[in-house]
Each structure stands twice: as C-alpha cells, then as structure tokens.
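Each chain, letter by letter, is given below.
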Amino acid sequence: MGYTLAFEAISPIANTQVATGSFAYLWLLIALPLIGALVLLLGGSRTNSFGPLLAVLMPATSFGFAVYLWLQMLGLPKELRSQNLVLFEWINIGSFQVPFGFQLDPLSMSFVLLITGVGSLIHIYSLGYMDHDPGKRRFFGYLNLFVAAMLLLVLADNYLLLYVGWEGVGLASYLLIGYYQHKPSAAAAAKKAFVVNRVGDVGLSLAIMLMFVAFHTVTFAGISEKAEQGSATVLFLIGIFLLIGAAGKSAQVPLQSWLLDAMEGPTPVSALIHAATMVTAGVYLIVRSNSIYDLSVAAQNAVILVGAVTLLAGAAIGMAKDDIKKALAASTMSQIGYMVLAAGLGPIGYVYAIMHLLTHGFFKAGMFLGAGSVMHAMNDEVDMRKYGALRGIMMITFGTFFVGYLAILGVPPFAGFYSKDLIIEAAFDRSIIAGVATLLGAGITAFYMSRLILMTFFSNKRWEDDAHPHESGLTMTIPMVVLAIGSVSSGFLLTYNDALKSWLAPVTGYQTPEPPIAIPVLIAITLATVLLGVLVAVKLYLKEAARVAPTDVSIFTKAARKDLYGDAINEAVFMRGGQQVVNATTAVDNSVVEGSVNFIGRITLGLSSLVRATQTGYTRNYALAMLIGVALLLLLAAIVRL
Amino acid sequence: MDVTNYVILAAILFSIGAVGVLVRRNAIVMFMSIELMLNAANLAFVAFAQANGTFDGQVVAFFVMVVAAAEVVIGLAIIMAIFRTRKTASIDEANLLRA
Amino acid sequence: MSITFAICATLSVTGALGMLLSKRAVHSALFVALTMINLAVLYLQLSAPFLGMVQIIVYTGAVMMLFLFVLMIVGVDSSDSLTETLKGQRVTAIAVAVALGLLLTTSIGSAVIATDTQLDTVLAGGNVQAIANLMFSKYVLALEVTAALLVTAAVGAMVLAHRERITPKLSQREQQKARFADYALTGKHPGPLPSSGVYARHNAVDTPALLPDGSVSTISVPAPLQARGSVRDINEEDAQQIVDLTQGNTVIEGGQDGRN
C-alpha cells in the first residue's frame, strides 16, 4: 500500500519567508468574511434583502482566493512555503514585542481550505435551512464573524493573536448556540459553553504568559527557535496549559460537558462549528505547538491520556443517545479524541491527526447536514426513536449520510479508513494501551453509528402523526453531495503519493510509525472489530426499535445517557465546592475583615461619643476650657521654676 | 513707688475679666469683660515699662489698644448680625457647634 | 504705695466687680468706663501721659460709647438674667479664675522685679516723642501691619453690618395702602400713636397720656420704657380732674399738681 512506504524521519524546517506577491494580500482571507459580518450586524434590517447572499459570497470568495494561494504555494519549493506577513507592530513594550502578523504555511493552508471550503458549503446549505427564519440576517452575520475569527486563529503567527481568534470563535460559538433566543435551554447551553470555554482559555493564557516569562517571545517562530533552552518543567507546564486550552475548545475530558448541550444551536452551526472547524482548534493548537511537545514526553503522555479517555467516553455516550444531534456530537467528541491522541504521539502522529481532522471535517459535516435535513423533514424532531424507514423517502439525504457512515467506520476506500487506521497504527507504535483504546473506540463507533443509521433510515416507522417527511431542496442537498464526495475521495487523495505527508512534514516533522504488530494484520483486526460492532447493531435495531427508550437498562447505559455524569461531577465538585469556598471566604470576610473594620469603627464611635460630651456647643464652655488650660500652664511654669 | 502693686492689680482685674467672660451670657457684656482683660494686660505692660526704664512697654500697650479697637469693631458687628437673625444677644443661643 | 494708687486701684476693682455683677448691660458698660478712667489715671502715675490720654479718648470716649450705641440698637431689655444655666459653669469659672489670680500674684510676688527706675522723659525729649521715636523706628513694621488691620476691620465691620435689601423700597403711597389694608383686616389704627402726656411739670416720654375717662393710654409710652417698668405713675386727682372736665363738672381750683 502506498502509505506504508518507509519514510525516514523528517525534521520541521524553521524557515519563514516574508510574504511577497499575492501572499502579501493574505489578510484578505480574514477581511472578506469580517466585512460581511460588519455589514450584516451593523447594517441592521436594511441589509435583510441582500444580507444572506452577501454572507455566502464572502467566505466563497475567501475560498477562491485560498485555492489560488494554495496553488501558488504548491509551486514553491518546500523550504519557502512558510509565508509570514506582518501588518504592523501590535504590542511594543520594552523587550516584549508582538507583531500583528500572519503566517501561511502548509499547516494553516490546510485549515484555511477546510474552513473556507466547508464553511462556504454550509453557508449555502443555511440559505435553505434558515429560509423561513425571521432572524437569518443575524444568523449569517454571526456565521461570517465565526469564519473570520477562525481564519484569524489559524493564520496568526503568534500565540497572542491566535488567542484573539480563539476568543473570537468562542464568542461566535456562544452567539450561535444561543441563536434561538426564545429557548431557555439554548440560552443555558450558550452560557455553559461560554463558561467551560473560559476554563480552557485560562489554561491557554497561562501557557502564553509562561512562554513570555521563559522565552520572552510568543511568536511560533521564536518559540520553536528557543524551545530547546527551556527546562523540562517549563516545557511540561506549557504543554499542560496548552492541553487545558485545547481541551476546553475541543470538548476533551474533563472540559467536554458543553459540546452535547451546544447542539441547541441551529444544525448548520453544529455542522460547521461543533463538528468540522472550531472544535478542532485544540488539535491545531497542539500540532502548532509541536516544538514544545516534541521536547516533553510527559506532556505528550498527558495529551495521549486525554485523547484516549475522551474517545472512549464520547463513544460510550454516543451509544446511549436517542437525540440524533447529540449522538453525532458524542461521536465528534470521540473522533476529536482520536485526533488529540494522534497529536500527542509526536512526529509519528501529527500528520495523521491533521489528516483525520480534514476527513472528519468532510464526513461529520456531511452527516450533520444530513441530520439537519432529516430534522427539517420531520418537523424539527430530533429523537431518533420517532424516525425510522426514511431511506426510501429521502434518497439523497440517505445516500450522503450512508457515505459519511462508511467513512467514519473506516471502511475502505472511504476517507476514515485512511486516517483512522493510520492513527491506530501510530498508537500501537507508542503503546499497546493507547492502541487498544483506539481499536476499542473503532468498534464502539461502528456500533453506535450503525444504531443511528438503522434507527433513522431503516427499521420500522415510528413517526409522529403529523410528520410528512420529504426530501430537502437543492441548496441543502448540493452541499451534502459535495461533502459526500469529499468523504469518499479525501482519504485517498490525501494519501495518494503521500500528498499530505510531504505537504505537512516541513511544518510538523514526520516519522514513520513501526507498530509491533504487522500492519496488514492490524488492518484486519480493525476491520473485524468494526464488523463486530455493525453486526451487534444490525441484530438489535434492523427490524424494529422501541418508540420509547427502555427504562430497565444497566447502570452503564444510564450513566451514558447522562453523559457519564459529567454535569453531575462538575456540579458536585466545582459548583458545590466553589460555593463552599465562596461561603468560607464570605464568612472570613464578614468576621475577620469586616469584623476588624467594624471593631475600629466601634472604638472610634465609642471614643467620639465620650469626646462628644465635651462638645456642648456653648462658647462659654470652650472659653472655660481655655482658661483651665492657661491656669494649668501657669501652674506648670510655677512648679518648674520652684 | 512699687511696680509690683500695679502688676498685682492687673492680675486681679484680669481674673475678674475672665470670670466675666465665663459667667455672663450677654455677648456685649462678655466683650466688655474681654476689654477689661486687655486693659489689665496693658496696665502690666506700662508698669513693666516703668520698671525697666524703657518705652517699649508703652508702645506695645498702644498697639494692644489699636488691636482692641479693631476687635471691638468686628466683634460688635458680628453681634449685630447675630442679633438680626436670632433676635437675641445671648451667647448660649449660638450653639450650633453642639455635637 | 501712693494715695493715688490706693484710690484708683480701689475704684477700678469696684468698677470691674460692678461690671461683673450688675444685671443690666448698660450699667456694666458704665462700670467698665469707670475702671478705664481710673486706669488712665494710673497710666499717668506710671509716667505714661500719652497712653493715659489715649486711654480716655480711645477707650472711654470711643470704644465704650460704641458699646453703648450697640446696646441701644440691640435693645435694652431685661432678659439678661444672672441665673446660671450651664451646670457647674459658674462655680468652676470662679474657682479657676481665683486660682489663676493667685498663681499670677504669687508668681509676681516671688519674681524679682527691677527697682523702680524713673523713665528719663527729659532725655528723650518728652513722652510722646519717646514713643514716636520707637514706633517709627523699631516698631515701624508693626505699625504698618496695624494700619492694614484697621482698614480691614473697618471694611469687615461694614460687610458684617450691611443688610441687603431684598424687597423694593416702599413708597409713601404704598405704605398708606398697606396701613389701611391692615386697618381693614385687623382694625389697627392707621394714624400715629398718641403722644405722651403733657403736663405743666411733666412732659417727658415716660409720662402716659390720659384718656377722657381718666384712664391711662398704654400705647402713649414707648415699649422699651414699659418693658423696663419705668412708666411714671399718674396722680389720681389729676385723672379725676380730667374726668370732671370732660363731663362738664365743676373743676376744683388749685389741684394737687406736682405730687407725682
């Protein structure tokens, strides 16, 4: 097989070029969607008529420009592909200098293409999906704002500017999750996502501060240059803080709780932000910080641990969810767990993490759009137990969904086969435990995805009485078809002639994994595990599924239905604990701080009421006091003289 | 002539003036008492000038008189102002300083 | 101790005590004037003729007269009682003042005061010239400052005593209108108050006028005099004479005038 060709280890090339020619205009990539967002959000209702079309046009133009730049970049030799464009000096305080600069290298180019490409498709899809929504101008404004912020995140040439984009996507995510403002559950979900993301942001900001303290720079180039000077502790801490940031954004354990609730947002948002792009920002952050992780095995192990736990936890939750979007969200969690795990493997995993990220972007976005199409047809019903036997009615949706299904399962030659199997191989290279975790995850993925597709498109009709399912319009089906094509072909294209490997290696470095088990055997084991998962699901759900979720289930199912008690743990440990801390500090504040202040106040009051007795207001009393003073002075003088 | 007698007389007058300030409530009488105290001081100055054989004490006494005249003018004007608003010259009525 | 000193000292202390003890402010002022005149004599004794004159002219003549003016403006009422209202004030004040006096006198008594040296006024060309020499040389700065003080005091007194007119000045016509409006409302007589009684021997303002029925017209005596209680009594026979006259009765010749 082509991708098993033995590569010798490739080190990253630390060499950036000052952007010239058309690369000098790469800021347009961000500016176009930003203009769209500003026009739509500040323009008010007068942009209602043309706003959505403009909003589609902007990322599409960005995508066109990105493709042009990509072709330009392909024409350059490998060492010259990292383009750096400094717009102006952003922060200049003594020895601390941060440029407002962009870096376009193969890694960020991949992301730019994914964001603008998938983003444009989802914008088009939204034209149909949000057609009847009165607030769609606002929706498209937020969507453009998200695209601009996400592009800023991946194009920044330093951590501080990345942080701006990082917060920008957080804001856009918050606004879009809470887009249905009339729903309290949506408002709560938006708030939850915001708060949990702040926890991760604290990690990222700590990492940036530590970088500044240790290396006096926050640019990617500067960090990769100076990382070797850092002590093991500093590198480990930076790695852990970055991991916390990544976990917050990418919904990794222990900051995973917000992603399932985030499905309250409109489905295109779930597809774009909470499946394809924003939640993968954590993976980007880890891969981008390869110079840190390459030097700290401990930090890598932490990343692998988080990834492994998340991929299993997500898969476990996915098995129990009846809400189609939440099942997909759990799947997203699990798949990002794969990516994070791969990113933690170091040079042997970076390329596969990005590859899985790209293929996942296609097939998961496609499946979310398919889910949206189904919901659209079923009066916004999200409960899979109310679906069933839709394959004949929604042919295109079913077809594209089925392609995505095969892709996520890793059936050759669909996209997931290439990316996921490579991650499993690399994981086995690192440790047996990580490898087994990925293998197990693959089997569970096969089970819950089969369950999802069987309950939705096969088995018996369990529709609500007023449901009249129909196929969606062209604006919705065309993006689904395009994404399905991507789901079929992207894996093959990315590995053909080691395309992605040779493309990314100059940025991330590369090393060929050498798993302890022979690779063909490993592929066979993986496929067997997947097949087992599919068969179990077929046995359980092909004929018939219960219309109401059974209640006499095992504690494992109950736990999975409750997101493995993530919310309960958060509430018990952090909320109650936080309340205890607040109560304690309030008590201390009341008794000690306020007590001492009040004590001083009371002493002053007591003294002043004593002194006040002398203040009669009668001039003659004051005069008497003066006279007494004079007499005493004289007495003193007389005594001293005597 | 013994200067000491004059000074003792001055002390007696001063003490009487002090009692007047403290005991009388009529602001005008209080002022008179203050004038009496100033006069007692003046007497002492003049007596000491006599004792020392210089004129400095007399000059100081003269200045005291000038200052006393100015003080009386201002003090009486204040009493007038207070009387206009409060319709009384009693010093105890002006006790807004009371805590 | 000369006789002059003995007399003047006694009188001045008497004046001081009189000021302290007299109930009426006017009496107090007169007692203070007494003390000051005696002090002026003592200044002359102490070879300070200039100061003695200034004492009489400035203090007794100007300052004390100013006091009297203000007393007259403020009103010579009898409200200034001598009962003490502040608790313990009088006892403490007297005790402290006595202690102060004792301290001063004992201190002075134990002090060594230079023997009496006569001021050589002849050598200085006279008392006034001697003071002038000092004042315009050694104390010239103090003199200038005193000048500034006096100007400030004059201006300050004007500012303090000045009363801003906050209503327009009433013309005679408006005063008449107000007076008659008052008459219509309260029945207050719009004309001037009756003048005091005029008799062959008594036509002072403290003599009340008699009404035709022989009773006394209370409003014919100024209110401060009534407040002071110094309204002259009326001879009953004179009053009866008025009644007789007005009722056409025979008038008894050679009435008992001059007994009141």
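All values reported here derive from a predicted model rather than from experimental measurement. (Residues numbered from 1 in each chain as written. Chains lettered and ligands numbered in written order. Predicted model: local features only at pLDDT ≥ 70, side-chain atom pairs only at ≥ 80, totals over all residues.)

> Just to check I follow, could you spell out the overall build of chain A for this structure?
Per the secondary structure count, chain A includes 24 helices and 3 strands. Of all 642 residues assigned to chain A, the portion counted as buried reaches 53%. Look at the contacts in chain A between residues 6 or more apart in sequence, and 82% of them connect residues 24 or more apart. (Helix = DSSP H or I, 4+ residues; strand = E, 2+ residues; numbered from the N terminus. Buried ≥ 20, exposed ≤ 12 C-beta atoms within 10 Å, placed from the backbone. Contact = placed C-beta atoms within 7 Å.)

> I would appreciate a short explanation of the overall build of chain C in the present structure.
Within chain C, the secondary structure is distributed over 10 helices and 2 strands. In sequence order, chain C lays out its α and β elements as α-α-α-α-α-α-α-α-β-β-α-α. In chain C, buried positions account for 20% of the 260 residues. Considering only contacts in chain C between residues 6 or more positions apart, those separated by 24 or more positions represent 48%.

> How do you make sense of the interface of chain C and chain B when you look at a structure like this?
Of the residues lining the interface, 67 residues belong to chain C; the matching set on chain B comes to 58 residues. Of all the secondary-structure elements, those providing two or more residues to the side of chain C that touches chain B are helix H1 (3-21), helix H2 (25-45), helix H3 (49-74), helix H4 (89-110), helix H6 (127-135) and helix H7 (140-161) of chain C. For the side of chain C that touches chain B, the element with the highest residue contribution is H4 of chain C, accounting for 12 residues. Across the side of chain C that touches chain B, the residue classes break down as 51 nonpolar, 13 polar and 3 charged. (Nonpolar A, V, L, I, M, F, W, Y, C, P; charged D, E, K, R; others polar.)

> Help me out: how do you make sense of the interface of chain C and chain A in this one?
Quite often, the size of an interface is put as the accessible area lost when its parts meet. Contacts between the two partners involve 9 residues from chain C and, on the opposite side, 11 residues from chain A. Residues belonging to the side of chain C that touches chain A are distributed by class as follows: 6 nonpolar, 3 polar and no charged.

> Help me understand the sheet that holds strand E1 (residues 17-18) of chain A, please; the structure alone is not making it clear to me.
Residue and element names in this part refer to chain A. Spatial strand order, E1-E2-E3: 3 strands in an open sheet with mixed pairing. For this open sheet the edge positions go to E1 and strand E3 (96-104), each flanked by a neighbour on one side alone. Strand direction decides the pairing type here: E1 and strand E2 (residues 83-93), joined by 2 bridges, are parallel. Across the sheet, the residue bridging to Gln17 is Gln83, located in E2. (Pairing = 2+ DSSP bridges.)

> Even after reading the chapter, I still don't get the confidence of the model for chain C, so can you show me in this structure?
The predicted coordinates ought not to be read in detail in places where the model reports low pLDDT. Residue and element names in this part refer to chain C. For chain C, per-residue confidence averages 82 on the pLDDT scale, and 86% of positions sit at 70 or higher. No element of chain C has a lower mean pLDDT than helix H5 (residues 121-124), which averages 64, and none a higher one than H1, which averages 93. Note on residues 255-260: pLDDT under 50 across the span, and 14 contacts to partners over four residues away in sequence or across chains. (pLDDT = per-residue confidence, 0-100.)

> How do you make sense of the packing of helix H17 (residues 415-430) of chain A against helix H21 (residues 519-541) of chain A when you look at a structure like this?
The axes of two packed helices give the description: the angle between them and the distance between them. Residues and elements named next belong to chain A. Between H17 and H21, the least distance of the axes is 10 Å, while the angle of their chain directions is 120°. With respect to their mutual orientation, H17 and H21 come out oblique. As for how H17 packs across H21, the hand of that crossing is right-handed. Seen from H17, the contacting residues are Asp421, Ile424, Glu425 and Phe428; seen from H21, they are Ile519, Leu522, Ile523 and Thr526. For the contact of H17 with H21, the residue count by class is 5 nonpolar, 1 polar and 2 charged. (Axes fitted to C-alpha atoms, helices over the stretch in contact; angles between N-to-C directions. Parallel < 35°, antiparallel > 145°, perpendicular 65-115°, else oblique. Left-handed = near helix turned anticlockwise from the far one by under 90°.)

> Mind showing me how you'd approach the pairing of E3 of chain A here?
The side chains of a regular strand alternate, first on one face of the sheet and then on the other. All names here are of chain A. With 9 bridges joining them, E2 and E3 adopt antiparallel strand pairing. Among the inter-strand pairings, Leu85 is bridged to a residue of E3, identified as Phe102. Between the end of E2 and the start of E3, which pair antiparallel, lie 2 residues, with Gly94 showing a positive phi angle near 55°.

> Help me understand the environment of Thr116 of chain A, please; the structure alone is not making it clear to me.
Residue and element names in this part refer to chain A. Mapped onto the elements of the fold, Thr116 is located in helix H3 (residues 106-129). Thr116 sits in the buried class, given 28 other C-beta atoms within 10 Å. In the structure, Thr116 is positioned 55 residues away from Thr61 in sequence and 8.7 Å away in space, judged by C-alpha atoms. What Thr116 contacts, discounting residues up to four positions off in sequence, is Pro59, Ser62, Phe63 and Ala66.

> Would you mind going over the environment of Gln511 of chain A with me for this structure?
Residues and elements named next belong to chain A. Structurally, Gln511 can be placed in the loop between helix H20 (499-508) and H21. With 20 C-beta atoms packed within 10 Å, Gln511 lands in the buried category. The spatial distance from the C-alpha of Gln511 to the C-alpha of Ile348 is 4.7 Å, given a sequence separation of 163 residues.

> How should I be thinking about the packing of H17 of chain A against helix H19 (residues 474-495) of chain A in this particular structure?
Residue and element names in this part refer to chain A. The contact between H17 and H19 brings their axes to 6 Å, and the two run at 50°. When the axis of H17 is compared with that of H19, the two are oblique. Each of Ala415, Gly416, Phe417, Tyr418 and Ser419 in H17 lies in contact with H19, whose residues at this interface are Ser487, Val488, Ser490, Gly491, Phe492, Leu494 and Thr495. Its residues assigned to classes, the contact of H17 with H19 shows 6 nonpolar, 6 polar and no charged.

> How do you make sense of the nonpolar core when you look at a structure like this?
It is characteristic of soluble globular proteins that their nonpolar side chains tend to be buried jointly. Counting 203 residues, the largest nonpolar core has Phe146, Leu151 and Ala365 of chain A as the members making the most contacts within it. Counting residues per element, this core draws most heavily on helix H15 (residues 350-377) of chain A, which supplies 17 residues. Once you skip the residues sitting within four places of it in the chain, Phe146 of chain A turns out to touch Val169, Ala172, Leu176 and Ile273 of chain A. Judged by nonpolar contacts, the second largest core, of 83 residues, contains Val19 and Ala27 of chain B together with Ala29 and Phe50 of chain C. (Core = buried A, V, L, I, M, F, W, Y, C linked by C-beta atoms within 7 Å.)

> Would you explain the confidence of the model for chain A in this entry?
Looking at chain A as a whole, the pLDDT averages 88, with 98% of positions reaching at least 70. Segment residues 1-7 of chain A: pLDDT under 50, and 12 contacts once partners within four positions in sequence are set aside and those in other chains are kept.

> How do you make sense of H2 of chain C when you look at a structure like this?
Here H2 of chain C spans 30 Å end to end across 21 residues, near enough to the 30 Å set by a 1.5 Å rise per residue. The first or second residue beyond H2 of chain C is Ser47 of chain C, which carries a positive phi of 50°. (Expected span 1.5 Å × (residues − 1).)

> So what exactly am I meant to see when it comes to helix H2 (residues 51-74) of chain A here?
Residues spaced three or four apart along an α-helix face the same direction, because each turn holds 3.6 residues. All names here are of chain A. Its 24 residues give H2 an end-to-end C-alpha distance of 35 Å, which sits within 8% of 34 Å, the value for a rise of 1.5 Å per residue. For H2, the full list of buried residues reads Gly51, Pro52, Ala55, Val56, Met58, Pro59, Ser62, Phe63, Ala66 and Leu69. Where H2 is buried, its residues touch helix H1 (27-43), E3, H3 and helix H4 (136-155).

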